[in-house]
Each structure stands twice: as structure tokens, then as C-alpha cells.
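Each chain, written out:
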Amino acid sequence: QYRINIAIDGPAGAGKSTVARKVASRLQYIYVDTGAMYRAVTWFMQKEGISAENAVKVLQMVQNMVIELKPHENGQMVMLNGEDVTPYIRSLQVNAEVSRYAQIEDLRTHLVHLQRQMAMTKGVVMDGRDIGTTVLPDAEVKIFMTASVRERALRRFNELDKAEPITLEQLEADIARRDKLDEEREVSPLKKAEDAVTLDTTNMSIDEVVEYITAYCIVQM
Ligand code: C5P
């Protein structure tokens with residue numbers, strides 16, 4: 001069978017990462033979580049006290065940074081300059097600002113370049129916001145995964161570390177705010193590619209979504 005690339009885009013909390021990872025494992029493909037890359041950069045900049053307004057400095061730091069994604073039992077490990085930063089990148093602090101850093105055009109160009117390199121040999125399942133439109137416009141399969149804001153907040157809530165002091169309503173507001181920032185930004189906004197298949201997962205289980213996408217991919221091979 002010939003190897004294809006699979007692009008999975010959609011708003012925050014639609015279940016893209018879980019689904020993409022499982023589809024990749026079913027097909028024995030490589031999973032690339034591009035959100036983790038934006039998160040790792042955000043975590044680093046926050047640690048160094050470089051704000052998203054300081055695009056010049058952000059870019060300067062990113063150019064000297066080594067970002068690696070490695071497969072891991074529970075998804076993906078993100079290495080930044082050789083350090084495993086996976087435990088830090090899903091914090092509320094990173095959530096709060098990642099979409100601001102993700103608006104920096106030159107940062108996006110840099111990460112998109114890395115992402116394309118990762119997909120060069122094909123056999124990649126990549127999830128994000130702009131994969132079907134910008135990163136891999138030639139991907140053989142493009143899925144646009146959505147779910148209602150309420151349902152997405154519920155899913156995030158259930159997977160949160162319960163030590164995080166946040167309510168379902170706060171999560172809903174956070175998700176709605178990130179959707180808005182991601183949809184309205186100038187560079188590579190969150191947008192369904194014209195040739196993408198929309199999948200509303202509000203009333204689907206993870207396994208049903210994985211089943212659907214895997215079957216669809218096999219037909220395209
Ligand atoms: O997918 P995840 O929720 O981890 O992504 C975190 C944030 O990174 C998104 O809200 C978005 O602002 C940004 N992002 C992006 N382009 C991607 C992946 C993520 O702008 N391809």
C-alpha cells in the first residue's frame with residue numbers, strides 16, 4: 001500500500017490529538033501534534049519572560065531552538081533543546097497565551113517549515129489548525145473535526161488534572177476565546193480546507209471517530 005499524508009484540523013478540544021494518535025497507530029504512521037510545538041515555544045518564552053508582542057525576540061530565540069517530537073505511549077513527547085517539556089505545555093498558563101504567540105507570522109513560517117520536513121517521507125498523521133490549508137495542502141486526506149463548544153469544554157474538563165482550579169464554565173469561555181483568536185488571525189487562520197471532509201463529533205465516541213477516519217483513509221490509499 002502506498003503511504004499518504006493525513007491532515008486533521010479543527011478547533012480546540014475537538015479530540016483531534018487523541019483521534020490522530022490512534023489513527024496513526026492503526027495505520028502504523030507517525031503522529032505529529034503541531035499544537036504541541038506552539039505550546040512548547042509558548043512555555044519557553046513565558047519562562048524567559050519574552051512576551052508575544054516582542055516578535056523579533058521570539059523569532060531570534062526560536063531560530064536557536066531545537067524542537068523535536070518523539071513518539072510516547074500516551075501521545076507525544078516534546079523535546080526542547082534536549083529537555084522533555086511535555087509535562088509543562090498543557091498548563092492553564094500556556095493555554096492562556098498560546099494563541100497569541102501563534103499569531104506571530106515569522107514564528108509560523110519557521111514551524112510550518114519544520115512540520116513540512118516531518119511529513120516529507122509521507123505516512124504522517126498531522127493535527128493542528130492550518131494543516132490542510134497551509135502546511136500540507138497536498139495531503140491525500142483532509143479531515144475538519146468539530147464539536148459544539150459545550151461538548152469540547154466537557155471533554156477538556158474530564159481530561160484535566162483535577163488540581164487545576166477551573167470550572168466547566170471557565171473552560172467553555174477559554175475555548176470560545178481561543179476559537180475566536182484562531183479563526184480571526186491574519187496568517188493561516190483556523191479554516192476548513194475546501195477539499196476537507198467535515199466531521200462533527202459532538203455525538204460520536206472517540207472509537208467511532210477513529211473507525212470512521214481510518215476506514216476513509218484506507219479507501220484513499
Ligand atoms: O491543538 P492545541 O489546542 O494544542 O493547540 C494550541 C494552540 O496552538 C491553538 O489554540 C492555536 O492557537 C495554536 N496552533 C496553531 N496552528 C496549529 C496548531 C496549533 O495556531 N497548526
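Bear in mind the structure is a predicted one, so any value in this text is a computation, not a measurement.

**Student:** Help me get a handle on the pairing of strand E4 (residues 75-80), residues and values and all.
**Tutor:** Burial of E4 is extensive: 5 of the 6 residues sit out of reach of the surface. In this sheet, E4 lies alongside strand E3 (residues 67-72) in antiparallel orientation, the contact comprising 6 bridges. Paired with Lys-70 across the strands is Met-77, a residue of E4. Connecting E3 to the antiparallel partner E4 that follows it, the hairpin turn spans 2 residues. Hairpin connection, E4 to strand E5 (residues 83-84): the antiparallel pair is bridged by 2 residues, and Asn-81 has positive phi, about 50°.

**Student:** Would you mind going over the nonpolar core in detail, with residue names and values included?
**Tutor:** With 36 residues, the main nonpolar core has Val-41, Met-45, Val-58, Met-65, Leu-107 and Met-126 as its most contacted residues. Residue assignment for this core shows that the elements contributing at least two residues are helix H2 (34-48), helix H3 (55-63), E3, E4, helix H4 (92-101), helix H5 (105-118), strand E6 (124-128) and helix H6 (131-135). Looking at this core, the element that brings in the most residues is H2, giving 8 residues. Other than its neighbours up to four places away in sequence, Val-41 contacts Val-62, Met-65, Ile-67, Leu-80, Leu-107 and Leu-111. By size, the runner-up hydrophobic cluster in this structure holds 20 residues, among which are Ile-8, Leu-199, Val-210 and Cys-217.

**Student:** Can you lay out the pairing of strand E7 (residues 141-146) for me, pointing to particular residues and giving the numbers?
**Tutor:** Across the 6 residues that make up E7, a large majority, 6, are buried. What you see with E7 is no split at all: Val-141, Ile-143 and Met-145 on one side and Lys-142, Phe-144 and Thr-146 on the other are buried throughout. One ladder, built from 4 bridges, connects strand E1 (residues 5-9) with E7; its direction is parallel. Pairing of Asp-9 across the sheet is with Phe-144, part of E7.

**Student:** Any chance you could break down the environment of Val-41 for me, citing the residues and the numbers?
**Tutor:** With respect to the helices and strands, Val-41 occurs in helix H2. On the basis of relative accessibility, which here comes to 0%, the residue Val-41 falls in the buried class. Sequence separation of Val-41 and Val-94 is 53 residues, and the distance between their C-alpha atoms is 9.5 Å.

**Student:** I'd like a description of the UniProt feature "domain: Cytidylate kinase" (unreviewed entry) in the protein chain, backed by residues and values.
**Tutor:** UniProt's feature table lists "domain: Cytidylate kinase" (unreviewed entry) at residues 6-216, given in the numbering used throughout. Along residues 6-216 the backbone is 49% helical and 18% strand, and the end-to-end C-alpha distance reaches 11 Å.

**Student:** I'd like a rundown of the sheet that holds strand E2 (residues 30-33), residues and numbers included.
**Tutor:** If you walk across this open sheet you meet the 5 strands as E2-E6-E1-E7-E8, and the pairing is parallel. Whereas interior strands pair on both sides, the edge strands pair on one side only; in this sheet they are E2 and strand E8 (197-200). The mean angle between the axes of side-by-side strands here comes to 20°, regardless of whether they run parallel or antiparallel. Where E7 and E8 come together, 4 bridges link them in parallel fashion. Paired with Met-145 across the strands is Leu-199, a residue of E8. Where H2 meets the sheet, it contacts E2 and E6, and its direction lies at approximately 40° from that of E2.

The rules behind these values
- Residues numbered from 1 in each chain as written.
- Predicted model: local features only at pLDDT ≥ 70, side-chain atom pairs only at ≥ 80, totals over all residues.
- Heavy atoms only, no water.
- Buried < 20%, exposed > 50% of the residue type's maximum accessible area, 1.4 Å probe, protein only.
- Helix = DSSP H or I, 4+ residues; strand = E, 2+ residues; numbered from the N terminus.
- Pairing = 2+ DSSP bridges.
- Core = buried A, V, L, I, M, F, W, Y, C linked by side-chain atoms within 4.5 Å.
- Contact = heavy atoms within 4.5 Å.
- UniProt positions renumbered as here; feature names shortened; annotations may be inferred.
- Axes fitted to C-alpha atoms, helices over the stretch in contact; angles between N-to-C directions.

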